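Overview (structure and organization)
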Amino acid sequence: MSWQAYIDQSLVGPGNIDKAVICDAAGSAIWASSSGFSVSDAERKAIADSFSDKSDPKGVIANGVKVSGDKYMTIEASDDSLKAKKGKEGVVAYKTTQALLIGHHNADTQTTIAFNDVAALGEYLKKMGY
């Protein structure tokens, strides 16, 4: 399956994520993205770097994250996942060995439901060696 097919079928397809991007784990190279979803190099790198941040609290908890120029307040961050909200809409991210999945959900979807779709694809990619 192509990276774009993962976006279209596994992330956006179920309806809980309205736009997404898949890039390398460092956030430097986009492999596939939803049309019109722009996550800058700096925004992807900030999310990717958050996974190795060992400070307490993590910088993304204290400062939030930006995606497509909009600031989101981080509600949860671990060594391989991130959940952030702006009002009722939100951003979720999941890191595998080689890839970083970033998804956006609208106000009609709960962050935990959106995260489950992203994490399910992330776990599948880990099993496939990515």
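The structure reproduced in this document is the subject of the present report. What you see is a predicted model, and the numbers here were worked out from it, not measured in a lab. (Residues numbered from 1 in each chain as written. Predicted model: local features only at pLDDT ≥ 70, side-chain atom pairs only at ≥ 80, totals over all residues. Heavy atoms only, no water.)

For helix α4 (residues 111-127), spanning 17 residues, the distance from its first C-alpha to its last is 24 Å, which sits close to the expected 24 Å at 1.5 Å a residue. The set of residues buried in α4 consists of T111, A114, F115, D117, V118, A119, L121, G122 and L125. Directly after α4, the chain includes G129, whose backbone phi takes a positive value near 95 degrees. (Helix = DSSP H or I, 4+ residues; strand = E, 2+ residues; numbered from the N terminus. Expected span 1.5 Å × (residues − 1). Buried < 20%, exposed > 50% of the residue type's maximum accessible area, 1.4 Å probe, protein only.)

Moving on to the sheet that holds strand β6 (residues 89-95). Read across the sheet, seven strands follow the order β2-β1-β7-β6-β5-β4-β3 without closing on themselves; strand pairing throughout is antiparallel. Strand pairing shows two members of the sheet lacking a second neighbour, β2 (30-33) and β3 (65-67), which therefore form its edges. Adjacent strand axes in the sheet meet at a mean angle of 25 degrees when their direction is disregarded. Direction of pairing for strand β1 (residues 19-24) relative to strand β7 (residues 99-105): antiparallel, over a ladder of six bridges. Paired with C23 across the strands is L100, a residue of β7. Where helix α2 (residues 41-50) meets the sheet, it contacts β1, β2, β3, β5 (81-86), β6 and β7, and its direction lies at approximately 115 degrees from that of β7. Contacts between α4 and the sheet are confined to β1, β4 (70-77), β5, β6 and β7, with β6 contributing the most and set at about 20 degrees to the helix. (Pairing = 2+ DSSP bridges. Axes fitted to C-alpha atoms, helices over the stretch in contact; angles between N-to-C directions. Contact = heavy atoms within 4.5 Å.)

In this section: the side chain of S50. Looking at where S50 falls in the secondary structure, it is placed in helix α2. S50 has contacts with K58, V60, S78 and L82, leaving out every residue within four places of it along the chain.

Of the consecutive residues D56 and P57, the connecting peptide bond is found in the cis state with omega at 0 degrees. Its place among the elements puts P57 in the loop between α2 and α3 (59-63). Although it is not a glycine, S68 adopts a positive phi angle of roughly 55 degrees.

Inspection of every chain in the model, using the stated rule, returns five aromatic pairs. Their ring planes at 55 degrees and their centres at 6.3 Å tell us that Y6 and Y124 sit as a pair that is tilted. In this pair, Y6 sits in helix α1 (residues 3-11) while Y124 sits in helix α4, placing the two residues 118 residues apart along the sequence. Look at Y6 and you get buried, because its relative accessible area is 10%. Plain terms: the ring middles of Y94 and F115 are 6.3 Å apart, the flat faces sit at 55 degrees to each other, and that makes the pair tilted. In this pair, Y94 sits in strand β6 while F115 sits in helix α4, placing the two residues 21 residues apart along the sequence. Each of the two residues, Y94 as well as F115, counts as buried. Of the aromatic side chains, those joined through ring pairs into one cluster are W3, Y6, W31, Y124 and Y130. Taking NZ or CZ as reference, K83 lies 4.5 Å from the ring centre of F115, over its face. (Phe/Tyr/Trp six-rings, centres within 6.5 Å; stacked < 30°, edge-to-face > 60°. Lys NZ or Arg CZ within 6 Å of the ring centre and 35° of its normal.)

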